[in-house]
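# Structure assessment
What follows is each chain in one-letter form.
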Amino acid sequence: MGEDADVLTFVQAERRRADTQGPFGGWHRGTLLEALLRTLSRNPTQIDDAARLISDLERTPEGKELLPEGLSKIWEPVWAARETLRS
């Protein structure tokens, strides 16, 4: 993944995931974590945007199906770091 990878890139990849294998649409968990951490470092407000998106998707069964299995294992520590940066 290039250095400009961010949360938006991941979301766009997830939209195309129907043609790929694996719960992260072809992304490895390490790649997703790297993209989230890079985004947290460079533009933390995008993490806030991702949090709103994830929260919205988690409100419905259909939305939950769009989220990759195991996302919480990666997302929760990133969100905790974002909350720490905010204080």
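Data block above holds the structure.
Computed from a prediction, not measured in an experiment: that's the story for all the values here. (Residues numbered from 1 in each chain as written. Predicted model: local features only at pLDDT ≥ 70, side-chain atom pairs only at ≥ 80, totals over all residues. Heavy atoms only, no water.)

## Examining the packing of aromatic side chains
Going through the model one piece at a time under the given rule, you end up with one aromatic pair. Taken together, a centroid distance of 5.8 Å and an interplanar angle of 20 degrees make the contact between Trp 75 and Trp 79 stacked. Within this pair, Trp 75 and its partner Trp 79 are both found in helix H5 (residues 71–86), separated by four residues, close to a single helical turn. (Phe/Tyr/Trp six-rings, centres within 6.5 Å; stacked < 30°, edge-to-face > 60°. Helix = DSSP H or I, 4+ residues; strand = E, 2+ residues; numbered from the N terminus.)

## Considering the packing of helix H3 (residues 44–58) against H5
Remark: H3 packs on H5, axes separated minimally by 11 Å, with the N-to-C direction vectors making an angle of 130 degrees. Accordingly, the angle class assigned to the pair H3 and H5 is oblique. Seen from above, H3 lies across H5 with left-handed handedness. Counted together, Pro 44, Thr 45, Ile 47, Asp 48, Ala 50, Ala 51 and Ile 54 of H3 and Leu 71, Trp 75, Val 78, Trp 79, Arg 82 and Arg 86 of H5 form the full contact between these two elements. (Axes fitted to C-alpha atoms, helices over the stretch in contact; angles between N-to-C directions. Parallel < 35°, antiparallel > 145°, perpendicular 65-115°, else oblique. Left-handed = near helix turned anticlockwise from the far one by under 90°. Contact = heavy atoms within 4.5 Å.)

## A look at the pattern of salt bridges
Taken as a whole and assessed by the stated rule, the structure comprises six salt bridges. Between Glu 34 and Arg 38 there is a salt bridge, with the nearest N and O atoms lying 2.5 Å from each other. One end of the pair, Glu 34, and the other, Arg 38, are both in helix H2 (residues 29–42), four residues apart, so they sit about a helical turn from each other. Across the pair Asp 56 and Arg 59 runs a salt bridge, and its minimum N-O distance is 2.8 Å. With relative accessibility at 43%, the residue Asp 56 sits in the partly exposed group. We classify Arg 59 as exposed; its relative accessible area is 61%. (Salt bridge = Lys/Arg side-chain N within 4 Å of Asp/Glu carboxyl O. Buried < 20%, exposed > 50% of the residue type's maximum accessible area, 1.4 Å probe, protein only.)

## Thoughts on the side chain of Asp 48
Following the sequence through the fold, Asp 48 ends up in helix H3. Each residue touching Asp 48, except ones within four places of it in the same chain, is listed here: Trp 79, Arg 82 and Arg 86.

## Some details on the nonpolar core
If you look at the biggest cluster of nonpolar residues, it comprises 13 residues, and the most contacted ones within it are Leu 36, Ile 47, Leu 71 and Trp 75. Among the elements of the structure, H2, H3 and H5 are those that each provide at least two residues to this core. A per-element tally of this core places H3 first, with five residues. Once residues within four sequence positions are removed from consideration, Trp 75 is found in contact with Leu 36, Ile 47, Ala 50, Ala 51 and Ile 54. (Core = buried A, V, L, I, M, F, W, Y, C linked by side-chain atoms within 4.5 Å.)

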